[in-house]
Amino acid sequence: VIGIFWKPALGIGGALVFLALGHEVRRREQLQDQAETASMRAAKETVARLLDDKLAKDHYVLNDLRLKVGREKCWIDHLVVAPSGMFVLNTINWEGKIVGDTSKQAYTWRIRLPDGKMRPARNPIGRVLRERRILCNWLKGTNLIWERVFPLVVLANKNVEIQVTNAEHRVLNPEQAVTFINDFCFEKPILSNAEVEKLALGLNEHQDQA
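Summary of the structure given here. These numbers were taken from a predicted model, which means no experiment stands behind them. (Residues numbered from 1 in each chain as written. Predicted model: local features only at pLDDT ≥ 70, side-chain atom pairs only at ≥ 80, totals over all residues. Heavy atoms only, no water.)

1. Focus on the overall build of the protein
Of the regular secondary structure elements, the protein holds four helices and nine strands. Ordered by position from N to C terminus, the α and β elements of the protein give α-β-β-β-β-β-β-α-β-β-β-α-α. Here the protein holds 210 residues, and 37% of them are scored as buried. Sequence separation of 24 or more characterises 61% of the internal contacts of the protein that already satisfy a separation of 6 or more. When the accessible surface of the protein is totalled, it reaches about 13,000 Å², and 55% of it is carbon and sulfur. (Helix = DSSP H or I, 4+ residues; strand = E, 2+ residues; numbered from the N terminus. Buried < 20%, exposed > 50% of the residue type's maximum accessible area, 1.4 Å probe, protein only. Contact = heavy atoms within 4.5 Å. Areas by Shrake-Rupley, 256 points an atom, 1.4 Å probe, with all protein chains shown as cover.)

Have a look at this one:
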């Protein structure tokens, strides 16, 4: 009996242990994903409040904007519509030292975590440029020229150090992003207040229909 059932029993026991370990790994991954999702949501809410509080009153802020143009679609974290132009903000909650180059493509950035470990990260400039392009396709037919649609990556975590090449006016913390947008208030506007409102309402209606 022992000769017949020893190996199968051992195999079943090993399989059960393997399944239990797999379940534990998945459970921890799910908990980590939930924590990251909650942290990301909190970061976006913080940036949204900052934009609402510190931008000029003639600026419209659209948060979590869904855009679909033709077969392409995107989800913009924050879009500011202002007399000086439009600002596409992609908010990220990375923590640690961010090392990269905005001119290079995917997976060329690195994050040095607080524990000293390094991990690769996708260059977020590609995503925000794609969001800008889709927005500009939606804007065709308006008098808002592409040069006044600005893509910004906002690193929202307080425990972040930005060491990114060619990051000026592209990769900012939340306060820097607000300053960058407000500085355009001193330039000659390209949109009237009525045009700003019309664009903001049009984007909001488009989102509801998408």
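2. Let's talk about helix α3 (residues 174-183)
Among all positions in α3, only P174, A177, V178, F180, I181 and N182 are buried. N-capping of α3 is provided by N173, with a side-chain oxygen placed 3.1 Å from the backbone N of E175. (Polar contact = N/O pair within 3.5 Å; in protein donor to acceptor, adjacent residues only side chain to side chain.)

3. Quick word on the sheet that holds strand β3 (residues 85-92)
The mixed open sheet is built from five strands, whose spatial order is β1-β2-β3-β7-β9. Lying at the two open borders of the sheet, with one neighbouring strand each, are β1 (60-69) and β9 (171-172). The sheet strands contacting helix α2 (residues 125-139) are β1, β2 (72-82), β3, β7 (149-155) and β9, and the helix crosses β2 at an angle near 80°. Where α3 meets the sheet, it contacts β2, β3, β7 and β9, and its direction lies at approximately 160° from that of β7. (Pairing = 2+ DSSP bridges. Axes fitted to C-alpha atoms, helices over the stretch in contact; angles between N-to-C directions.)

4. A short note on unusual backbone geometry
Positive phi values are uncommon outside glycine, yet N166 reaches one of about 60°. Structurally, N166 is set in the loop between β8 (160-165) and β9. We note that H169 has phi near 65°; this positive angle belongs to a residue other than glycine. Tracing the backbone through its elements, the reader meets H169 in the loop between β8 and β9.

5. Regarding the nonpolar core
Formed by 31 residues in total, the largest nonpolar core has its most connected members in L67, L79, M86, W94, W109, L135 and L203. Put simply, the parts of the chain that give this core at least two residues each are β1, β2, β3, β5 (109-112), α2, β7 and α4 (193-209). Each residue touching L79, except ones within four places of it in the same chain, is listed here: Y60, V61, L62, L65, M86, F87, V88, L135 and L203. Ranked by size, the runner-up nonpolar core spans 19 residues in total, among them A43, L152, L172 and F184. (Core = buried A, V, L, I, M, F, W, Y, C linked by side-chain atoms within 4.5 Å.)

6. A short note on the pairing of β1
Successive residues of a regular strand alternate their side chains across the two faces of the sheet. Relative to β2, β1 runs antiparallel, the two sharing nine bridges. By the bridge assignment for β2, L62 is matched with L79. Linking two consecutive strands that pair antiparallel, namely β1 and β2, is a turn of two residues; a positive phi of about 65° is found at G70 within it.

7. Section: α2
With 15 residues, α2 should reach 21 Å at 1.5 Å per residue; the first-to-last C-alpha distance of 21 Å fits that figure. The complete set of buried residues in α2 reads I125, V128, E131, R132, I134, L135, C136 and L139. (Expected span 1.5 Å × (residues − 1).)

8. Section: the sheet that holds strand β6 (residues 118-121)
The strands that make up a sheet pair up through hydrogen bonds in the backbone, lying either parallel or antiparallel. Reading across from one edge, β6-β5-β4-β8 is the order of the four strands in this open sheet, with mixed pairing throughout. The open sheet terminates on both sides in strands that have one partner only, identified here as β6 and β8. Pairs of neighbouring strands in the sheet enclose a mean axial angle of 20°, with direction left out of account. For strand β4 (residues 96-101) and β8, the ladder comprises six bridges, and the chain directions are parallel. Directly across from G100, in β8, lies its bridge partner V164.

9. Topic: the side chain of N123
Mapped onto the elements, N123 comes out in the loop between β6 and α2. By relative accessible area, which is 6% here, N123 ends up buried. Within the local environment of N123, its side chain forms a polar contact with the backbone oxygen of D101, the two atoms lying 3.4 Å apart. Of the polar contacts made by the side chain of N123, one reaches the backbone nitrogen of I125; its length is 2.9 Å.

10. Brief notes about the pattern of salt bridges
Across all of its chains, the model carries six salt bridges by this definition. Among the ionic pairs, D77 bridges to R127, the shortest N-O distance being 4.0 Å. You can see D77 sitting in strand β2 and its partner R127 sitting in helix α2, a full 50 residues away along the chain. On the basis of relative accessible area, R127 is assigned to the partly exposed category, the value being 43%. Here R127 makes a salt bridge to E131, at a shortest N to O gap of 2.9 Å. Of this pair, R127 and E131 both sit in helix α2, four residues apart, which is roughly one turn of the helix. One salt-bridge network, in which partners are shared between bridges, spans K44, D77, R127 and E131. (Salt bridge = Lys/Arg side-chain N within 4 Å of Asp/Glu carboxyl O.)

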